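# Commentary on secondary and tertiary structure
Chain by chain, the residues:
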Amino acid sequence: MSTILFELGCEELPPKSLKPLRDALQASVTEQLTAADITFDSIKAFAAPRRLAIQIQGISDKQPDRTEQKRGPAIKAAFDAEGNPTRAAMGFAKGLGIEASELTTIKTDKGDYVGFEQTIRGQATTELLPAIFQTALDNLPIAKRMRSGASRNEFVRPVQWAVLMQDDTVIDATIQGHQTGTQTRGHRFHSPDYHSIAHANDYEELLSGLKVVADFDKRQMLIKNQVKALADEVNSDAIVPQDLLDEVTALVDFPIALRASFEARFLQVPQEALISTMQADQKYFCLTDKTGKLQPYFIFITNIESKDPNQIIEGNEKVVRPRLADAEFFFLQDQKQPLFALTESLKNRVFQDKLGTIWEKSERIAKLAAFIATLMQQQGIDISIDEAVRAGILSKADLASSLVGEYPELQGIAGTYYARLNDEPEAVAASLEEQYLPKFSGDVLPQTPIGICLALADRLDTLVGIFAIDQAPTGSKDPFSLRRSAIGILRILIEKQLPINLVALVEQAIKGYSDAEGSKIAKMGDTFTQVMAFLNSRYRAMYTEQGVSVDTIQAVQAINPHMPLDFDQRIRAVQAFSELSQASMLADSNKRVANILAKSEVSVADTVDEALLSEPAEQNLYANVQQAQTVVQPLLEQADYTQVLQTLASLDEPLTQFFDQVMVNSEDAALKNNRLALLKQVRALFLTVADISELQL
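Quantities reported herein were computed from a predicted structural model and do not represent experimental measurements. (Residues numbered from 1 in each chain as written. Predicted model: local features only at pLDDT ≥ 70, side-chain atom pairs only at ≥ 80, totals over all residues. Heavy atoms only, no water.)

The strand order across the open sheet formed by four strands is β15-β17-β18-β16, and the pairing between neighbours is antiparallel. A single partner strand is all that each edge strand has here, and the edge strands are β15 (237-238) and β16 (256-261). Across six bridges, the pairing between β16 and strand β18 (residues 294-302) is antiparallel. By the bridge assignment for β18, Ile256 is matched with Thr302. Along the sheet, helix α6 (residues 216-233) makes contact with β15, β16, β17 (285-288) and β18, crossing β16 at roughly 30°. (Pairing = 2+ DSSP bridges. Helix = DSSP H or I, 4+ residues; strand = E, 2+ residues; numbered from the N terminus. Contact = heavy atoms within 4.5 Å. Axes fitted to C-alpha atoms, helices over the stretch in contact; angles between N-to-C directions.)

As structure tokens, this is what we get:
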């Protein structure tokens, strides 16, 4: 057992790719070692701005020997009547490099054959490793490779050196066009010269002395701890997005955190703009107070251990000031006119060539938001229809602002700031930001009633319009993010407990495209059908992400509920039903009932003639069905689907006895049709919640 060290030294690697490159390198090497039957105790990957490395400890020196059985021709074809080997046997033996006399007999179910067992010696690990590492490098997820100088070898960045060692010995190889050795390099500024690695186990410690923290995760933890300590000194919390943290970790070998400040006057600018420019442009960590309000400080990570950190701090303050001043300028420039005035320019901005301008979209959103607000009022929700209309008209106004022009990610956010400065009602102002929620899977939903109206109206208007012009998503292409929008609609209606029918919403959204000159939607019926089908198809993606089984989703989809909240209640009821001991038998019985009814050649009656119930088992089932209908009806009115299915579970035994003791397809047509009517009532009871026959239990 020994330790293997591999290191590839490069020019600075792409910071956003460093962590994925590290993980892919380790995964590929691990997979290849396992496939080659080479054992090891542990494997660790390192990644720093100028290096990718792998250290494997307790690795076996060679592959284990293995025995292979080679099977030749059948015994009858291998030997003649006198027992002498035939040409077939001698040819087989020659191919193996042995004499025919060394062949053995292999017995199988299909007869006896000649054969030979040969031992294949395992290769030395050091012979296999160069190819393993080169293959791993070739398979890294690199979008665009480059060549350096006259070299024909391609990699994400020019390669400078390669290390491949077993303990204290070099494994001679050429990787990425570089001869392997023991020479590595330290920090570009603090320790730029080559240094020899005495032993593969010394790698991490040696680099630490050369001002390189080679372990990506350890380097990241150092950054997090330093940032927290500096934030605590000014009683603040640091904003540390994981993507930004990964990128900063990939930019430095030897992280040293420093805190700087900026003028408090910039805090009048929307803090989202300041945070955006400091994070995206400068890779700074911003600080907020305990309530989330931005503070006039930021923390940055330097890659140099400076004798005079103040110079670095002052330099960063000098660099960030113009960027913050730009944001301030745009913010103040926008305030020279009210938010509503910005809507004028929207009349010349196209939303989509066939669907009109952004101003026209705003008008449609306003009308649809008013319709949704009316439905919410009917549910007892306190909401102003006039304010919903006002919010709709202002919903896209900030797209014409200078601030959003510079920081597109602030759309909605900027509108909220400007609306408050213009003394718009708070409900209107808050909704302008909330209209874009949720922005991604698992994101927060709009909180205010008008925010909910705008979020639904905006998504429905886009969904209907894009389907109307035949631009529906295809395969992986979804340029208008309609799949995300559809799930957003479903989530809002479900999680906000809004009993609103999708049919009404889609129909109203389609009507929004009509005016005195006609409709922008040529095939309104087709558009309605396609949009409804698309929305219903999103249930599967949404619920499978929550861990709901596909058959549960299909059971509810089979009855096609049009109210997302109702759909969700049915899903939860079917999940609870699936846990019952009777569930499997009832699911099978429902399948049987459905098949029997489907094969009926006559129309099955809705009512049962009690006088024709001759068998005790069918009389018992009928009595239980009658009782279940009485109990279930008020439960359905309360949408208590869980209790409905709990009640129907009592039909398990009567239904089983019915199938055991009663011949449904009786020769007596009257009896047969009456029994079919009874099964139809059983089927109808279960279909009040879901199609239980879809369950795979």
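Text resumes after the structure shown.
Another aspect to go through is the side chain of Asp246. Note on placement: Asp246 falls in helix α7 (residues 242-251). With sequence-adjacent residues up to four places away left out, Asp246 is seen in contact with Pro15, Lys19, Phe216 and Gln220.

Another aspect to go through is helix α14 (residues 413-421). Every buried residue of α14 is listed here: Ile413, Ala414, Gly415, Thr416, Tyr418 and Ala419. Among the structural elements, α8 (271-280), α9 (309-334), α10 (339-346), α13 (402-406) and α15 (426-434) are those in contact with the buried residues of α14. Once α14 finishes, Asp423 follows within two positions and takes phi at roughly 60°, a positive value. (Buried < 20%, exposed > 50% of the residue type's maximum accessible area, 1.4 Å probe, protein only.)

Moving on, we get to the environment of Gln661. Following the sequence through the fold, Gln661 ends up in helix α25 (residues 652-661). Measuring from C-alpha to C-alpha, the distance between Gln661 and Met376 comes to 53 Å, with 285 residues separating the pair along the chain.

Burial runs high along α7: seven of the 10 residues are buried. Residues of α7 that are buried sit in contact with α1 (18-35), α6, α8, β17 and β18.

Here the focus is the sheet that holds strand β6 (residues 111-120). Here we have three strands laid out as an open sheet, ordered β4-β6-β5, and antiparallel in their pairing. Both edges of this open sheet fall to β4 (66-74) and β5 (104-108), since each of them pairs with a single strand only. Each neighbouring strand pair of the sheet contributes to a mean axis angle of 45°, computed without reference to strand direction. Helix-sheet contacts for helix α3 (residues 87-96) involve β4 and β6, and the interaxial angle to β4 is about 160°.

Let us now look at the packing of aromatic side chains. All chains considered together, the criterion is met by 13 aromatic pairs. Judged by centre distance (4.3 Å) and plane angle (15°), the rings of Tyr284 and Phe298 are stacked. A residue pair is termed long-range when its members are at least 10 positions apart, and Tyr284 in the loop between α8 and β17 and Phe298 in strand β18 qualify at 14 residues. Phe298 carries the same exposure label as Tyr284, and that label is buried. (Phe/Tyr/Trp six-rings, centres within 6.5 Å; stacked < 30°, edge-to-face > 60°.)

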